[in-house]
Amino acid sequence: ISFFYYIKQSYDFFHVDCIRDISKSHFLVIEGVSYCVVYRFKSKSNKYVWLKTISVKIGDIIFCQNEKLNLFNIICYRFLSLFKNDKQTSNIIE
């Protein structure tokens, strides 16, 4: 079974609205760019939970730190994402 088979299978657990961001983060980290992504992931109970993953590539190894977000975190991330292109708030987000 190929590596891409497992990638496809794992994408089934992401919320459809988050797949684009997840895919972007995977490609950036493979290229060596540290990246933080917030997304919804299907739990054992078939409900979506909000997660944040920070990924860093050092040499050939990719390190990931995952965190389950609470409602306050989700509201903050969503609010700040509205201003991603605004120069005054871009330093806060990065």
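Our structure's up above, just so we're on the same page.
Quick look at the structure, then.

1. Points about the overall build of the protein chain
Item 1. Each helix and strand in the protein chain was counted, giving four helices and three strands.
Item 2. Here the protein chain, with 94 residues, has 21% of them falling under the buried criterion.
Item 3. A sequence separation of at least 24 residues applies to 23% of the contacts in the protein chain between residues at least 6 apart.
Item 4. For the protein chain, the accessible surface area stands at approximately 7,500 Å², while carbon and sulfur atoms represent 60% of it.

2. Details of the sheet that holds strand 3 (residues 61-68)
Item 1. Strand order in the open sheet formed by three strands is 1-2-3, with antiparallel pairing between adjacent strands. Sheet topology places strand 1 (35-42) and strand 3 at the edges, where each strand pairs with a single neighbour. Adjacent strand axes in the sheet meet at a mean angle of 30°, parallel and antiparallel pairs treated alike.
Item 2. The sheet contact formed by strand 1 and strand 2 (residues 48-58) spans eight bridges and is antiparallel. Along strand 2, the bridge assignment pairs V38 with K52.
Item 3. Each of strand 1, strand 2 and strand 3 touches helix 2 (residues 19-30); the most contacted strand, strand 1, lies at about 140° to it.

Criteria and cut-off values
- Residues numbered from 1 in each chain as written.
- Predicted model: local features only at pLDDT ≥ 70, side-chain atom pairs only at ≥ 80, totals over all residues.
- Heavy atoms only, no water.
- Helix = DSSP H or I, 4+ residues; strand = E, 2+ residues; numbered from the N terminus.
- Buried < 20%, exposed > 50% of the residue type's maximum accessible area, 1.4 Å probe, protein only.
- Contact = heavy atoms within 4.5 Å.
- Areas by Shrake-Rupley, 256 points an atom, 1.4 Å probe, with all protein chains shown as cover.
- Pairing = 2+ DSSP bridges.
- Axes fitted to C-alpha atoms, helices over the stretch in contact; angles between N-to-C directions.

These results come straight from atomic positions and should not be treated as a statement about function.
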